[in-house]
Amino acid sequence: MKWRRKEEQTPLPVEESAQPDTGWATTSLSTGAMANWTAVVRWSAWGLLLTGPLLGGLALASTAQPAAVPTRAEAPRAQPASSDAVAPAGFAEVYVAAYVKAGDSDADAEELAAFYPAARSMSWSAQGGAERAESASAVQVQQISAGYWSVTVAARITGSSKDSDSGRVRYFQVPLRATGDRGASGWTAAALPAEVAAPTGSKGAAPELSYGSGHAPLDSDPAVQTVRGFLAAYLTGRGELDRYLSPGTTLHAVRPAPYTAVTLTQIADHGQGPAEGAEAQTPPDGVQRRLLVDVEGEGKHTSSRPMTYALELRARDGRWEVASLEAAPALAAPSTNSKSREGQGS
């Protein structure tokens, strides 16, 4: 639509008294300008009328489902060492060693007071150093309450050579309290150690392993040749270790080499093991064998020291390679009979 400009009409004379002079210039809109302005207002009203529901819906959606603000995942907080039983166990071991050799000297009292502050005011009649703990190891750790632990330490006590009990393992129970406002920044003993009997269940039958019957190593078995070469390089330093390892397996030889010779005495396969006669055949690529091998090490100061290794082998290019030096031999699954006996015992 085109707007045509109307002819201007001669304005009627206005009396001077009708419009007083205020010093400001007055402006009046023409009829065409008023028409244009009216059209703009009308189209704006239609625009607001049409877009109003849309804008309202968007506002409602933004209110109902607020935009997710990305948050940085909180890094896991490092737990203090005291939350694990390792911290009180180590403190108890050193405490027992100081307690066993303590005597009536001020130096011994001060050393013991580092673990048990009340020791400064105690009198000792024993001679310091008459007995010593050659070795001390925590064998039982029990948390009594928050920050309060009871640790049982096994110590091999040695004394006079005339003492028939010298070198016997004895057990001491130690109460420990964590110090510090948040967590444990340290430890202190709540009392002197108490000598106790050996904890029940500290000894038991050897666990059953998940391997077949052991047999003498066969020279015709390619796996035996790999194991021999691997252990010689690993323990004596003779030969290259990497040539016996599967791709991706990383192991380092023991340094310095503790033995001059290693003899493979027995070998057992995990589970059923290979079929009879299959040991001498070339294995297909990717086949695995888990072995339990017994060896004897000869060294400058040792003779025929027996050791046991759990190895995983993997076949590649017609030969066996060591894929893993396992952390522990595989245990046999509990049998149905043993489970039923456990249920009857409980």
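Below is a summary of the structure that appears in this document. In this text, all values refer to a predicted model and were calculated from it rather than measured experimentally. (Residues numbered from 1 in each chain as written. Predicted model: local features only at pLDDT ≥ 70, side-chain atom pairs only at ≥ 80, totals over all residues. Heavy atoms only, no water.)

### A few points about the overall build of the protein
Basically, it comes down to this: Helix and strand labels come from DSSP, where a helix needs a run of H or I of at least four residues and a strand needs a run of E of at least two; each type is numbered from the N terminus. Burial classification: accessible surface area is computed with a 1.4 Å probe over protein chains only, and a residue below 20% of its type maximum counts as buried, one above 50% as exposed, and the rest as partly exposed. Whether two residues are in contact is decided by their heavy atoms: any pair within 4.5 Å suffices.
Regarding its fold elements, the protein presents five helices and nine strands. Buried residues in the protein amount to 26% of all 346 residues. Taking the contacts inside the protein whose residues are at least 6 apart along the sequence as the reference set, 56% of them involve residues at least 24 apart.

### Re the environment of methionine 307
Within the secondary structure, methionine 307 is located in strand S8 (residues 305–316). Judged by its relative accessible area of 16%, methionine 307 is buried. As for methionine 307 and threonine 265, which are separated by 42 residues in sequence, their C-alpha atoms are 10.0 Å apart.

### Here's the deal with the pattern of salt bridges
Put simply, the rule reads: What makes a salt bridge here is a side-chain nitrogen of Lys or Arg within 4 Å of a carboxyl oxygen of Asp or Glu, nothing more.
In this structure the tally under the stated criterion is twelve salt bridges. Salt-bridge contacts for glutamate 195 lead to arginine 170; the nearest nitrogen and oxygen are separated by 2.9 Å. Highlighted residues: glutamate 195 in strand S5 (residues 194–196) and arginine 170 in strand S3 (residues 168–179), separated in sequence by 25 residues. The residue arginine 289 makes a salt bridge to aspartate 221 at a minimum N-O spacing of 3.3 Å. Linking arginine 289 in strand S7 (residues 288–298) with aspartate 221 in the loop between S5 and helix H4 (222–235), this pair joins segments that are 68 residues apart in sequence. Of the two residues, arginine 289 and aspartate 221, both sit in the buried class. What emerges from the salt-bridge pattern is a single network uniting Arg316, Asp317, Arg319 and Glu321.

### Some remarks on the nonpolar core
Quick note on the threshold: For this analysis, a nonpolar core means a set of buried residues of the types Ala, Val, Leu, Ile, Met, Phe, Trp, Tyr and Cys, connected via side-chain atoms within 4.5 Å.
By size, the foremost hydrophobic cluster in this structure holds 26 residues, and its most contacted members are Val227, Phe230, Leu241, Val293 and Tyr309. For this core, the secondary-structure elements that each account for two or more residues are H4, strand S6 (261–269), S7, S8 and strand S9 (319–325). Looking at this core, the element that brings in the most residues is H4, giving eight residues. Once you skip the residues sitting within four places of it in the chain, valine 227 turns out to touch Leu264, Leu291, Val293, Leu311 and Leu313.

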